[in-house]
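# Secondary and tertiary structure notes
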Amino acid sequence: MKHRILYITPEVPHFPGGHGGNIREFNLLSNLAGRYQFDMIALKPSDRSNVEKINQLGIEVLYYPPAHKPKKPDAVWLKKFKQLLRFGRVALFCLRRGVTNNLPPLSVYYLQVFRNASIKLNLQDYDLVQIEHTYLLPIAELLSTSAHCPPIVVTAHNVEAIQAYRTAKLFRGINRFFEWMIARLTRRMEGKLVSKASMVLTMSNYDAQWFMENYGLQQDSVAVIPSGVDMGYFSEIKSSPEPNLLVFTGTFGHLPNMDAVMWFRRNVLPRIVQEHP
C-alpha cells in the first residue's frame, strides 16, 4: 500500500509556465506521484487546466479556489484603481490581524482561506503532511493541535525573514516602515512556528545553516534539497547567439529578482557598456 501524503501549497503547481517554486513542485510531484498517494489543497485561485494536469499524475485536488472568469476589460485607469482599492482593503485587514496575532499579512491571508474552505480532513488517513513555504506555518500549527496529526514536513523555498528585510530596503518613507514591520512579524512567526515541523527542507546549505543558527533547529531536522534543471529536456533546443544581447529569465513578480536586476543595472551594466559601447 502506498504511503498517503496531504500536500498543502499556495497554488496548484503547473508546467510549463509559472514561477521557479511552482515548476520545482510540479517536477517533484511528477517523480513522486507513482510511489506515493497525494491529496492536494491549494489556496490560490487556479485554472481548471492546471488542476487537470495534476489529476493526470494521479493526484486528487481536494480544494482550490477556481480562477475568476474574465469580464469585459475595464479602462486602464479604472483597472488600476480597482486593484489599488482591493489591495488596500486586503492589506489593511491582514496587517491588522497580523499585528494582533503576531503574523505577517501573507500568513494571515492563507490561514483565513484555509479556515474558510471548511475542508473536512481526517488526519488519521495520512502518513505525512507536506507544506510548501514557511509563510504557511500557521496552518502547520493549526493541524498540529489534532491528536492524530502525522509528521509535518515544511519546504522553505526561502528564509522568508531574510527576504522580507531585503524587500524593506527597496522602499522609502512610510512604505519602508510597513515593510520593515512585516519583516519583523515574519521573523517572529518563522522562529516561533518552525518547530511545528518534524523536518524542514531548504534550497541551500546557507538557508539550512540560518535555520539552525537563528531558529534553534537541530541538524537532524533540516535537510537540503536544491532546485535543479533537467538538462535532458533542453538538450534539443538549439539557438544562434546574438551579440550584445542579455536575457534575464526571472519573473518580476518576485521582488528579489527585481532587486537583482536593479543591482545589475547600477553596478555591472555600466562597466559592460564602457568596455563594449
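For the structure itself, look to the data block above.
Presented here is an overview of the structure given in this document.

## A word on the pairing of strand 4 (residues 128-132)
Of all the five residues making up strand 4, four are buried; the element is thus mostly covered by neighbouring parts of the structure. Across four bridges, strand 1 (residues 4-9) lies against strand 4 in parallel orientation. Across the sheet, residue Leu6 finds its bridge partner in strand 4, namely Val129. Of the strand pairs in this sheet, strand 4 and strand 5 (residues 152-156) are connected by four bridges, and their pairing is parallel.

## Looking at the packing of aromatic side chains
Each aromatic ring pair is described using two quantities: the centre-to-centre distance and the angle formed by the ring planes. Counted according to the given criterion, the structure contains six aromatic pairs. With 5.2 Å between their ring centres and 70° between their planes, Tyr109 and Tyr110 make a pair best called edge-to-face. Arranged with centres 5.7 Å apart and planes meeting at 65°, the rings of Phe177 and Phe178 form a pair that is edge-to-face. Members of the aromatic cluster, each reached through a chain of ring pairs, are Tyr109, Tyr110 and Tyr135.

## Quick word on the pairing of strand 1
For strand 1, the buried fraction is high: five of the six residues fall into the buried class. Judged from the six bridges that link them, strand 1 and strand 2 (residues 37-42) form a sheet pairing that is parallel. Bridge pairing in strand 2 links Leu6 to Asp39.

## Regarding the pattern of salt bridges
Taken as a whole, this structure holds three salt bridges when the rule is applied. Between Glu11 and Lys44 there is a salt bridge, with the nearest N and O atoms lying 3.9 Å from each other. A residue pair is termed long-range when its members are at least 10 positions apart, and Glu11 in the loop between strand 1 and helix 1 (20-32) and Lys44 in the loop between strand 2 and helix 2 (48-56) qualify at 33 residues. Using a relative accessible area of 16% as the deciding quantity, one classes Glu11 as buried. Here Arg48 makes a salt bridge to Glu52, at a shortest N to O gap of 3.8 Å. Here Arg48 and its partner Glu52 are both found in helix 2, four residues apart, which amounts to about one turn of the helix. On the basis of relative accessible area, Arg48 is assigned to the partly exposed category, the value being 45%.

## Regarding the nonpolar core
Within soluble globular proteins, side chains that are nonpolar generally end up buried alongside one another. Ranked by internal contacts, the top residues of the largest apolar core, which has 37 residues, are Ile8, Leu43, Ile131, Leu136 and Ile139. Looking at this core, the elements with two or more residues in it are strand 1, helix 4 (105-116), strand 4, helix 5 (137-144), strand 5, helix 6 (160-168), helix 7 (173-193) and helix 8 (205-215). Per element, the largest residue contribution to this core is five residues, and it comes from helix 4. Apart from residues no more than four positions distant in its own chain, Leu43 is found in contact with Thr9, Pro10, Glu11, Pro65, Tyr110, Val113, Phe114, Leu136 and Ile139. In this structure, Tyr7, Phe38, Ile54 and Ile59 belong to the second largest nonpolar core, which totals 14 residues.

Reading the values: the criteria
Residues numbered from 1 in each chain as written. Predicted model: local features only at pLDDT ≥ 70, side-chain atom pairs only at ≥ 80, totals over all residues. Heavy atoms only, no water. Buried < 20%, exposed > 50% of the residue type's maximum accessible area, 1.4 Å probe, protein only. Helix = DSSP H or I, 4+ residues; strand = E, 2+ residues; numbered from the N terminus. Pairing = 2+ DSSP bridges. Phe/Tyr/Trp six-rings, centres within 6.5 Å; stacked < 30°, edge-to-face > 60°. Salt bridge = Lys/Arg side-chain N within 4 Å of Asp/Glu carboxyl O. Core = buried A, V, L, I, M, F, W, Y, C linked by side-chain atoms within 4.5 Å. Contact = heavy atoms within 4.5 Å.

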